[in-house]
Amino acid sequence: MKSDSGSGLYKWLDERLPVREVVDYLSKKVVPRHKHSFWYYLGGLTLFFFVIQIITGLLLSIYYKPSPDEAYESVRTIVNEVPFGWLIRSLHSWAANLMVGALFIHMFSVFLMKSYRKPRELMWVSGVLLLFLILGFGFTGYLLPWDTMAYFATLIGTEIPKTVPIIGDWGVSLLKGGDEIGAETLTRMYSIHIIILPLITIMAVSFHLLVNQVLGSSVPIGTVVKQPPIRFFPNFLYRDVISWTIGLIALLGLAILLPWGLGEKADPLASAPVGIKPEWYFLPLFQSLKFAPSNIFGISGELLTNLLVGVLSIVWLSIPFLDRKASREEQSPLFTTFGILLILYLLVTITMAYTTA
Amino acid sequence: MVTTLCLVALLGTTASFPQRDALKDKTLVGGAESVPILTLPSYAERIQILGVALVLFGGLALLLNEKRKRADRNSWSI
């Protein structure tokens, strides 16, 4: 039945498209209420920061020039001359960090609540793929300002996968567009950062949200639900939007009080600065490579670390299919311990990388 | 409508802040003494911008909270 009420635009659309059916379907979604419900907001917050990234990224792309001769100067122009350019760039950089932080918290909360269990396996898989995509954004975006730190961090970062047999050299060469980090690399990183990754990410996010809409939010195993669920629209959505507003205030505070800096322009002929480090979310890999001895039974320590990270990534992606107990609605302390140890390892390696010279 | 008003107010208010003219001596990061790499609004000016943002978005959060309470009274749960 078509709507007789509502605004003019709603009526106009409803006469042409199945708007009422869609609204009815969306309004049927409910969100469970229990002592762990707070963690449900982290997914929406991650999405909010991603939207901020798209908006600020679009604004930055109006002035940014992806060539070694102009990239650095264009970033300086954005900050020094474009009205509120400093704020837009600072928001973009800080939102990237907050997005990765929110994503990690969201992912580990999902892991510890075992929300990946049947029938939500595909939500977990798409979520882990989104993690890799977001880390790809971080890696490809880091080079774009073309300052010393960006240049040498990318130089070191692209050396690491080279040790992987068969595909390592080929992959790095494809990413760099040659043997050196130069104009080709910058163009490729830029196109991956602003076209390829956003397209894939938007598709993955859409799928993730669609599955969430269809299956709803999961209740942790063993959690007693004493209260009835609340409607997603409008009750939970209001809470979501309030959390986004708080996230926006925090982001503005960081971007305004601690504006993102810029180093000296990159000089490919200079030597790498001492104590160079990647962004904090790559520090666990960076520190693990430092832990590894140069040779283990005649095999390169770097290669072994890369293989270990590869295996861990596959295991992480396959968690819902490995944790059979959770699928049977039983507690699985082994997986909980694995998750806690992983969190501790990430925290310890990040702290060590920051505190050691 | 409230969000739109808040955004318009934010843009209108912050657009009136002084930006570049008197900022030649405000260097953020490194660079040669005569040519700063980045120039930014002063700390005081940035605090003003943050203050406006806090009032607007803090107000928006409070307003949304009131709307949430009203929605909860009407249809708290299924």
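The rules behind the values
- Residues numbered from 1 in each chain as written.
- Chains lettered and ligands numbered in written order.
- Predicted model: local features only at pLDDT ≥ 70, side-chain atom pairs only at ≥ 80, totals over all residues.
- Axes fitted to C-alpha atoms, helices over the stretch in contact; angles between N-to-C directions.
- Helix = DSSP H or I, 4+ residues; strand = E, 2+ residues; numbered from the N terminus.
- Parallel < 35°, antiparallel > 145°, perpendicular 65-115°, else oblique.
- Left-handed = near helix turned anticlockwise from the far one by under 90°.
- Nonpolar A, V, L, I, M, F, W, Y, C, P; charged D, E, K, R; others polar.
- Expected span 1.5 Å × (residues − 1).
- Buried ≥ 20, exposed ≤ 12 C-beta atoms within 10 Å, placed from the backbone.
- pLDDT = per-residue confidence, 0-100.
- Contact = placed C-beta atoms within 7 Å.
- Core = buried A, V, L, I, M, F, W, Y, C linked by C-beta atoms within 7 Å.

1. A word on the packing of helix α6 (residues 121-142) of chain A against helix α9 (residues 183-215) of chain A
All names here are of chain A.
Here comes step 1: Where α6 meets α9, the closest approach of the two axes is 9 Å, and the angle between their N-to-C directions is 160 degrees. It follows that α6 is roughly antiparallel to α9 by the angle criterion. The chirality of how α6 crosses α9 is left-handed.
Here comes step 2: Looking at side-chain class alone, the contact of α6 with α9 contains 15 nonpolar, 9 polar and no charged residues.

2. Topic: helix α5 (residues 85-112) of chain A
Here comes step 1: With 28 residues, α5(A) ought to run about 40 Å at 1.5 Å a step, and its terminal C-alpha atoms sit 40 Å apart, in line with that.
Here comes step 2: Summarising burial for α5(A): 21 of the 28 residues are buried, a large majority.

3. Points about the confidence of the model for chain B
Low-confidence regions, as indicated by low pLDDT, have predicted coordinates that should not be scrutinised in detail.
Residue and element names in this part refer to chain B.
Here comes step 1: Put simply, chain B has an average pLDDT of 73, and 51% of its residues get 70 or more.
Here comes step 2: Predicted confidence for residues 16-26 stays below pLDDT 50, and this span has 14 contacts to residues more than four positions away or in other chains.
Here comes step 3: ipTM for the predicted complex: 0.85, alongside a pTM of 0.89.

4. Some words on unusual backbone geometry
Excluding glycine, a negative phi dihedral is what most residues carry, and trans is how most peptide bonds are arranged.
Residue and element names in this part refer to chain A.
Here comes step 1: Between K118 and the following residue, P119, the backbone shows a cis peptide bond with an omega angle of 10 degrees.
Here comes step 2: Note on placement: P119 falls in the loop between α5 and α6.
Here comes step 3: In this model, K114 sits at a positive phi of 55 degrees, which is unusual for a non-glycine residue.
Here comes step 4: For K114, the location among the structural elements is in the loop between α5 and α6.
Here comes step 5: On the neighbour-count criterion, K114 (26 C-beta atoms within 10 Å) is buried.
Here comes step 6: Its identity as a non-glycine residue notwithstanding, E329 has a phi of 65 degrees, on the positive side.
Here comes step 7: Mapped onto the secondary structure, E329 falls in the loop between α14 (324-327) and α15 (333-355).

5. Brief notes about the packing of helix α3 (residues 41-63) of chain A against α5(A)
Residue and element names in this part refer to chain A.
Here comes step 1: Look at α3 against α5: their axes get within 8 Å of each other, and the N-to-C directions meet at 155 degrees. Taken together, the axes of α3 and α5 are roughly antiparallel relative to one another. Judged by the twist between their axes, the crossing of α3 over α5 is left-handed.
Here comes step 2: Taken together, the residues of the contact of α3 with α5 sort by class into 16 nonpolar, 8 polar and 1 charged.

6. Notes on the interface of chain A and chain B
How big an interface is tends to be expressed through the accessible area that disappears when the partners come together.
Here comes step 1: Contacts between chain A and chain B engage 29 residues on the former and 27 residues on the latter.
Here comes step 2: Of all the elements in the fold, those that place two or more residues in the side of chain A that touches chain B are α4 (71-80), β2 (230-231) and α10 (232-257) of chain A.
Here comes step 3: When residues of the side of chain A that touches chain B are assigned to their parent elements, the largest contribution, 14 residues, is made by α10(A).
Here comes step 4: By residue class, the composition of the side of chain A that touches chain B is 19 nonpolar, 6 polar and 4 charged.

7. Focus: the environment of I196(A)
Residues and elements named next belong to chain A.
Here comes step 1: Take I196: it is sitting in helix α9.
Here comes step 2: On the basis of neighbour count, I196 is assigned to the partly exposed category, with 14 C-beta atoms found within 10 Å.
Here comes step 3: Distance in space between the C-alpha atoms of I196 and P333 is 39 Å, their sequence separation being 137 residues.

8. Here we look at helix α2 (residues 43-75) of chain B
Here comes step 1: End to end, α2(B) covers 46 Å across 33 residues, agreeing with the expected 48 Å (1.5 Å per residue, within 8%).
Here comes step 2: Looking at α2(B), one finds that the buried residues are A53(B), L56(B), F57(B) and L60(B).

9. Brief notes about the nonpolar core
Here comes step 1: Counting residues in each nonpolar core, the largest one holds 72 residues, and the members touching the most others are F49(A), L91(A), A95(A), M99(A), W146(A) and L251(A).
Here comes step 2: Residue assignment for this core shows that the elements contributing at least two residues are α3, α4, α5, α6, α7 (148-159), α9 and α10 of chain A together with α2 of chain B.
Here comes step 3: Of all the elements, α5(A) adds the most residues to this core, at 15 residues.
Here comes step 4: Among residues more than four places away in sequence, those in contact with L251(A) are I52(A), L91(A), W94(A), A95(A) and L98(A).

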